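A closer look at the structure
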Number of protein chains: 2
Amino acid sequence: MADGGHPKLMLTRGGVALIRAALGPVTLFGRSVARAQAEVDAEIAAGIETPVPMDYSGGYTHERHKRNFFVMQKAGVLYQILGDDRYAIYVRDMLFQYEAMYRSLPLHPKTRSYARGKLFWQCLNDANWLVYASQAYDTIHDFLSADERERLEQHLFRPFADHISIANPRFFNRIHNHSTWGNAAVGMIGLVMDDDALVERALYGLSPDAFEFDPKARDDDGGFIFDQQGKAGFLANLDAPFSPDGYYTEGPYYQRYAMYPFLVFAQALHNSRPELGVFERRDGQLLKAVDALIQLSDANGDFFPLNDAQKGMSIFGRAGVTAVDIAFLAGGGNPQLLSLAEAQDQVLLDDAGIAVALALRDGAALPLLKRTVNLSDGGDGTEGGVAVLRAADEALTLVFKYSAQGLSHGHYDKLSFSLYERGDEVLQDYGLSRFVNIEQKGGGNYLPENASWAKQTIAHNTVTVNGASHFGGVYEVASQHHSELYVFDDSNAGVQVVSATDRHAYPDKLLHRTMALIEDTALAKPFVLDIMKVTGKQSSTLDLPFYFQGQILDTNFSYRAPDVLAPLGEENGYQHLFLEASGAPERPSSQFTWMHARKFYTLTTASLPEDTLHFVRIGANDPDFNLRREPGFLIRRAAAASSLFVNVIEPHGDYSPVTELATDARPGVAGITALHDDERHTVVGIDFGSGKRLVFAVANQDASASAQHTLQVSGEVLEWKGPFVLREVR
Amino acid sequence: MADGGHPKLMLTRGGVALIRAALGPVTLFGRSVARAQAEVDAEIAAGIETPVPMDYSGGYTHERHKRNFFVMQKAGVLYQILGDDRYAIYVRDMLFQYEAMYRSLPLHPKTRSYARGKLFWQCLNDANWLVYASQAYDTIHDFLSADERERLEQHLFRPFADHISIANPRFFNRIHNHSTWGNAAVGMIGLVMDDDALVERALYGLSPDAFEFDPKARDDDGGFIFDQQGKAGFLANLDAPFSPDGYYTEGPYYQRYAMYPFLVFAQALHNSRPELGVFERRDGQLLKAVDALIQLSDANGDFFPLNDAQKGMSIFGRAGVTAVDIAFLAGGGNPQLLSLAEAQDQVLLDDAGIAVALALRDGAALPLLKRTVNLSDGGDGTEGGVAVLRAADEALTLVFKYSAQGLSHGHYDKLSFSLYERGDEVLQDYGLSRFVNIEQKGGGNYLPENASWAKQTIAHNTVTVNGASHFGGVYEVASQHHSELYVFDDSNAGVQVVSATDRHAYPDKLLHRTMALIEDTALAKPFVLDIMKVTGKQSSTLDLPFYFQGQILDTNFSYRAPDVLAPLGEENGYQHLFLEASGAPERPSSQFTWMHARKFYTLTTASLPEDTLHFVRIGANDPDFNLRREPGFLIRRAAAASSLFVNVIEPHGDYSPVTELATDARPGVAGITALHDDERHTVVGIDFGSGKRLVFAVANQDASASAQHTLQVSGEVLEWKGPFVLREVR
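What this report covers is the structure whose coordinates are included nearby. (Residues numbered from 1 in each chain as written. Chains lettered and ligands numbered in written order. Predicted model: local features only at pLDDT ≥ 70, side-chain atom pairs only at ≥ 80, totals over all residues. Heavy atoms only, no water.)

**Here we look at the interface of chain B and chain A**
In many analyses, interface size is given as the accessible surface area lost on bringing the parts together. Taken residue by residue, the interface counts 54 residues in chain B and 54 residues in chain A. Buried area between chain B and chain A, summed over both chains or domains, comes out near 4,400 Å², and the portion from carbon and sulfur atoms is 55%. The largest share of the area that chain B buries against chain A comes from Gln440(B), Phe625(B) and Glu660(B), three residues that together contribute 17% of it. Where chain B touches chain A, the interface holds 4 salt bridges. (Contact = heavy atoms within 4.5 Å. Buried area = accessible area lost by both parts, 1.4 Å probe. Salt bridge = Lys/Arg side-chain N within 4 Å of Asp/Glu carboxyl O.)

Here is the structure:
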């Protein structure tokens, strides 16, 4: 905790003392310091550069200013830890170069943002700068003369804070990750400057009277700018987007981004304003969010790309290190976090980092156990959620999305799912269409195909009705609704179940999807049973795609590949799919086997004779090659008012190109049958090549654990208690 | 060396004594033994199974018999090392099960092979069986009674050896890797049985009088079956396919496969018939071949997929372990081989393996240095070759193929190349179209697309004239020709050059390709300069493709993507390419930047105004999805009799999805210009964004090191000595 003196944000005087005492023998901390030193020393040698702002992300001036704030913060920390004035002088000189420039700096010349910054093209990046620069300033606060501080505060920090708040309420006063950065930036510089007004502005936002509050205003992504009740500020942002389970409504990719300012400002407030109890708020909200973030990653630590998300972002990034270290310090020292910190091979150079490093040195780490979780969505946890079903050792991980829309970064994919075998995607969520910070691709910003493809329903592993996206792809409508959990049951590792409904994606349809992750002795690997029940009145075409990856090996139906590839449709994402081949079922169960990453997979689907089965590939109407040309398998069922899709996704075997041996190249599942389906019950049979049959039954209208169900199925009586049952029959 | 007693093949009595003495403390050997023990013990527990042969590769009976011979050989070795009779009994019982079956075993029921086996669908696999089974028999020879030996030899081994030789001369009497297996199998069982006639048959082949010798006969792959001079047998196979530099004419994928029988039989001969001097033959031919094999792998140890080759096959496989260990023992203990053995983490359980393990234990390993090599092709080294130019630390590796046809597994790709950045393919060689041992894909055998796509010229990074493959895609013609080396110079690490010509691929055209791997201070990474000079009389359409991988980021020319994708042509592989987009040059240098495996690449090409630039994708007319749907960039130059293509392939920068930072996302090369081009000289200028210009000049008709060249270029006099020069100009 801070004693009022500087530094006082994430690094405190007490922390500095602890670090200096421990610096020698604590290897991970020492390595992190050495890395920072190497980086900062190289920058000091290269000299300070603060070019006139000109570029979008990825361009030279953008990347230079971004690098500056990272280096400045590190240099300040090194000054505190090592006591070497060179680092303080570097920070001071850089800050004064900014001070000299900022006095007369106009708005950034690039005009694309709804809230233009000065150093960067958008206020968001300016706020990033201030979050780091305030830390840098904090570390050299006492090194500067009172006069120097006065100059920096008057000409740089205060006008900078005002620009990203008072001058840009549409940026600052939202419930949105952008605003969290703005809030944290203003609040942190406020803490360093001991300026209560700035801190209050950060905590509670601007008063709606202080600016032109237009609740109907929208941002670049099509989302509402302002909370419809006018809520704003750091505390409101802290309450609103996180559910009680710690799920951030935009998804883990943005959660990771948003959490950095949450955590650093929270840590700073914890040190300077302990009376706010920011880590205790809402039953430990922020710490739960860190746990949720960790659970929302695959076996490699990559975040599940729900909604707008760039693949490859990982818990091993900077934000992950911050989250793990601060959660360790603020959360009472969960030893599982230590093994993650060890794998990150990096700690923060502050109070949290030294706590982690000391505990690691003392051998306190326990293995990190990723588990099955069900995370509610919505500020009060009532707006659907996301479930992650995990087989032991992450051998198979099912991510099931039954959440709310997820603000402006949300996709129209109710009841969709993705599937991972350890760190490999089996059935993918496409993620966003954007090459973040790669300037050649639309300045590194969202590409047109994000809206026309990535957000559309057909881009996801869920059902599309009559070729129209959920909610007609209309954000205002989608934002008012969410799916509803029906069952979540992880009490039996042999059959973990999540089931949810959606009544709003299509006015005429009730969608009810039940997914089970099953481990059974019949198969060497766990598999997924997927029951999608569609109930409605009007005859419709139902499309259910599965975006596999890799190479088609085999089907038990014949198909024909056209000589030329044409788009599958004209709108709602269909225009981006090439039809590569089409076939029709030849047996009650259609099977399709593919190979990816040297492993085999089979999808078995209970077919109706009138189904058509299509192989598609992403990339039509993609004039700039913005999309990845990846394949999909699409089940189309025409003229159905209500219908039942039953699928099994079965990973099996593997292949070694070195030994050239294939094991279990053929599926163990021989077929699946819908044995019974009405309003009240759905029963399916899974037949294995071995002759074994499993029957899975689910009650569609009564999820109570005590309800008794009795049913005639295939001439035999099936009885069970509770919402579902999995049973072997002879 | 063997003392005449058993075992005597790769494992000798002396080796057994050495192993038993050292077994405890030698970790790598001990680990290899433990692994073998675990595997064999599990098989012993499971029981012996010798099913009636029925399946192609990948099918149950095939895989079971394959597994049997591996396990039998290991069990025999374990018996020798551990002295545990259980292992001998297991081998004995299995051999007698085979003996009982083989007496009345008909030809394998599958009829696809030109030489059907009995246990397997082709004699090749039967020969595999015997190579291992002879080793197993050798290890338990003294454990068996004379009567048992007599039964095995009379009813199993001798008829087995006769079937794969006398009964199948088309299999046994070729210069082909199939025959090497056959020769080794017959020879090894001959050594164990002390049957000189079998050994002679193995060494020298069947006499042409002993069977119906038809020199025009062809095999399944379209190659001639017999050597046109009637050469056959192990020694002829040893001399013929390896060049004096150790390059195997079919390429490294088959070299690795072929080398196993070469090496094990050679080792056995070395022990039993040292007077043959098999390792000394032709200046250490076999040991040079091991070195060539190692050099023909990328930074991950994966073999370059020249000709028919499945990607992912690696020096870390079983054949690689055999090659490294035997080469270490037989080659006088090259310490660089030890670091490879260490990375393989496995040694042979024989004399060679213990030698490696003991040397590793003694700390004798030195780092393996992969280097630039130029490997001649052809038995006497006069039939072209393959050059591998490597930048330091394998940062960039250029594989340039100017070889002979490569027997029946050869592709029609004279003067083609592939490019690697460490272990990542930058510009790929497609390899074969086959899923080895994956039964669903054509029984695991070659697919029709291997002939219609993979072998065709357009599937490779070289020039196709008038849409026809080299030599018209006619094997008989291609087999008579090879390209000619013009220059190979690795004396200067800053500019390594290989240059070769081909006069036969097209009757009207002389192709002359000069490739330079350049490391220059202008760029952070090395790059490749590619000059393809085409000289002819008739106006032709020239296509030069580059099979990149990953995502198109940027071009400096506009292009149009058609609404529907149609095949680029009708035959010679063109029918398998979809045209994804087409454009035309807008500047003298056209540039195209892509991203792959988180790194950036730019191809800069000196364009003519009439060029067209196409993006293509593999996968048209591929009704069974046998092809990988990967992209290419194709430069088309119409109506040219002679023409010059100049390209720079430049790797630059990288991208991290975790930090979301891109470095050097744009190329450093600004443009390239053909400054001069006539019969005698070609001079190109490479301009960098920094303003620097490099000039590369090559003499086209005089490669002598002493020749002086003087030329007026852009108004200045350019003078140099030797075949080429790279110079910075102002």
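**Considerations on the packing of helix H11 (residues 252-272) of chain B against helix H13 (residues 318-330) of chain B**
For any two helices packed against each other, the geometry is given by the interaxial angle and the distance between the axes. All names here are of chain B. Direction vectors running N to C along H11 and H13 enclose 40°, while the axes themselves pass 9 Å from each other. One finds that H11 runs oblique with respect to H13. For H11 against H13, the interelement crossing comes out left-handed. Contact residues: Arg256, Tyr260, Leu263, Val264 and Gln267 in H11; Ala319, Thr322, Ala323, Ile326 and Leu329 in H13. Taken together, the residues that form the contact of H11 with H13 break down as 7 nonpolar, 2 polar and 1 charged. (Axes fitted to C-alpha atoms, helices over the stretch in contact; angles between N-to-C directions. Helix = DSSP H or I, 4+ residues; strand = E, 2+ residues; numbered from the N terminus. Parallel < 35°, antiparallel > 145°, perpendicular 65-115°, else oblique. Left-handed = near helix turned anticlockwise from the far one by under 90°. Nonpolar A, V, L, I, M, F, W, Y, C, P; charged D, E, K, R; others polar.)

**With respect to the relation of the copies chain B and chain A**
With an RMSD of 0.0 Å, the fit of chain B onto chain A corresponds to turning through 180° and sliding 0.0 Å along the axis. Both chain copies can therefore be described as sitting about a two-fold axis. No C-alpha of chain B lies nearer the rotation axis than that of Leu565(B), which sits 2.4 Å from it. Of all interface residues in chain B, 100% are interface residues in chain A too; the two copies therefore contact each other through one and the same surface. (Least-squares fit on C-alpha atoms with pLDDT ≥ 70 in both.)

**A closer look at the pairing of strand E3 (residues 397-402) of chain A**
Residue and element names in this part refer to chain A. In terms of burial, E3 is a largely internal element, 6 of the 6 residues being buried. Residues of E3 alternate between two faces, with Thr397, Val399 and Lys401 on one and Leu398, Phe400 and Tyr402 on the opposite face, all of them buried. Sheet topology note: the E3/strand E4 (residues 416-421) ladder contains 5 bridges and is antiparallel. Following the sheet pairing, Thr397 is matched in E4 by Tyr420. (Buried < 20%, exposed > 50% of the residue type's maximum accessible area, 1.4 Å probe, protein only. Pairing = 2+ DSSP bridges.)

**Overview of the packing of aromatic side chains**
Working definition: an aromatic ring pair is given by the centre-to-centre distance plus the angle between the planes. Residue and element names in this part refer to chain B. Tallied over the entire structure, the rule returns 80 aromatic pairs over all chains. Between Tyr79 and Phe143 the ring centres are 5.5 Å apart and the planes differ by 70°, which places this aromatic pair in the edge-to-face class. Of this pair, Tyr79 sits in helix H3 (residues 60-82) while Phe143 sits in the loop between helix H5 (123-140) and helix H6 (146-163); the two residues are 64 residues apart in sequence, bridging distant segments of the chain. The exposure class of Tyr79 is buried, given its relative accessible area of 15%. (Phe/Tyr/Trp six-rings, centres within 6.5 Å; stacked < 30°, edge-to-face > 60°.)

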